[in-house]
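Geometric and topological summary
Listed below, chain by chain, are the residues.
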Amino acid sequence: MTKLSTLFLGGFIALASLSPAIAEQVTIATDATFPPFESVDANGKLVGYDIDLMSAVCKAAELDCNIIAAAWDGMIPGLTAGKYDALISQLTVTDARRKIMAFSDIYSHPTFRFVAKKGANLDISPDGLAGKIIAVQTGTPMDAFVTKTFPKATIKRYDGGSAPYLELTAGRADLHMSYEAQITHAFLNGDNAETFELVGPQYTGKDAPEFGEGVAIAINRRNADLLAKINAGLAKIRENGELAAIDAKYFGKN
């Protein structure tokens, strides 16, 4: 039987159910400028790998989730201030980030690469990139890595994930660094492949701490219950093959 309590609302007596509890909506923010992981389609709908993954996790965990687009530079402050309950936007797990937010179990281990114009014959070394212009999204692992590793280069930083590509194609930048999968599936999947190419080595978290341990969902540190539910949902879609199906949908079986 459902327990009832008496509430006084503006002089009126009402009966309120104490159990089962009504699930509150979980607000999840994403930076929708980073296809194929997250973007907005022609109908104004959020689409992408992370959107599908988060939707699947919420369904498996029986969470009422509202995924919304947010500006990249306001996402982490919004999470810590309680404006958002969680973030999904290819967030890499680093020691610095662990100090201000909690993370779900890791769901992918990305590689990072540079992209540049074909025939540029760039020497990807601190001296080789001296004087070159590297475009990156601000506040990302790529920003931290190039800032530390290539001090003689000029680093141009942009709020959105798509802006560095505009600088590259316009000739205002010599290189851009991002997730290899993002470059391949969002930039080199059309006419750009005739003019641009991946250059330099692949980088992972094993090569530089700036690239972190892997990618995970960020959760407000004060919400241990939500963290447990998201991890349970993530484990469920990993076990039932749904995560593998999402991987294959966007990046192929390999």
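Structure shown above.
Attention here is on the structure that accompanies the text. (Residues numbered from 1 in each chain as written. Predicted model: local features only at pLDDT ≥ 70, side-chain atom pairs only at ≥ 80, totals over all residues. Heavy atoms only, no water.)

1. Description of the state of the cysteines
For the record, the criterion: Note that a disulfide, as used here, is simply two cysteine sulfur atoms within 2.5 Å. Buried, partly exposed and exposed residues are distinguished by accessible area as a fraction of the type maximum, computed with a 1.4 Å probe on protein chains only: under 20%, between the cut-offs, and over 50%, respectively.
Overall, the coordinates contain one disulfide when judged by the stated rule. With its sulfur 2.1 Å from that of its partner, Cys58 forms a disulfide with Cys65. As the torsion about the S-S bond is roughly -90°, the Cys58-Cys65 disulfide counts as left-handed. Taking the relative accessible area as the measure of exposure, Cys58 reaches 4% and is therefore buried. Its relative accessible area of 23% is what places Cys65 among the partly exposed residues.

2. Description of the sheet that holds strand β8 (residues 86–92)
What counts here: Paired strands, in this sense, are two strands between which DSSP finds at least two bridges. Here a helix means four or more residues in a row that DSSP labels H or I, a strand means two or more in a row labelled E, and each is numbered from the N terminus. Only heavy atoms matter for contacts: two residues are in contact if any of them lie within 4.5 Å across the pair. Throughout, an axis means a line fitted to C-alpha atoms (over the contacting stretch in the case of helices), and angles, computed between N-to-C directions, take values from 0 to 180 degrees.
Strand order in the open sheet formed by five strands is β7-β3-β8-β15-β9, and the pairing between neighbours is mixed. Each edge of the sheet is formed by a strand with only one pairing partner; in this case those strands are β7 (65–69) and β9 (102–103). In the sheet, strand β3 (residues 26–30) pairs with β8 via two bridges, with the strands oriented parallel. Bridge assignment links Ile28 to a residue of β8, and that residue is Ala86. Packed onto the sheet, helix α1 (residues 49–60) meets β3, β7, β8 and β15 (215–219) and runs at close to 135° relative to β8.

3. What about the pairing of strand β13 (residues 175–179)?
For β13, a buried count of five out of five residues is recorded, marking the element as mostly surrounded by other parts of the structure. With five bridges joining them, strand β10 (residues 112–117) and β13 adopt antiparallel strand pairing. What sits directly across from Phe112, in β13, is Tyr179.

4. Quick word on the nonpolar core
To be explicit about the condition: We call a set of buried residues a nonpolar core when its members are Ala, Val, Leu, Ile, Met, Phe, Trp, Tyr or Cys and they connect through side-chain atoms within 4.5 Å of each other.
If you look at the biggest cluster of nonpolar residues, it comprises 50 residues, and the most contacted ones within it are Leu53, Phe114, Ile134 and Phe150. It is α1 that contributes the most residues to this core, eight residues altogether. Leaving out residues up to four positions away in the same chain, Ile134 has contacts with Phe114, Leu129, Val146, Phe150, Ala153, Thr154, Ile155, Lys156 and Leu175. Counting 14 residues, the second-largest nonpolar core is a separate cluster that includes Tyr84, Leu87, Val93 and Phe103.

5. Structural notes on the packing of aromatic side chains
Definition in use: The aromatic pairing rule takes the rings of Phe, Tyr and Trp, using the six-membered ring of Trp, and pairs them if the centres are within 6.5 Å, calling planes under 30 degrees apart stacked, those over 60 edge-to-face and the rest tilted.
In this structure the tally under the stated criterion is 18 aromatic pairs. Taking the centre distance of 5.8 Å and the plane angle of 20° together, the rings of Phe34 and Phe37 count as stacked. Considered together, Phe34 and Phe37 belong to a single accessibility category, that of buried residues. On the numbers, 5.5 Å between centres and 45° between planes, the contact of Phe37 with Phe251 is tilted.

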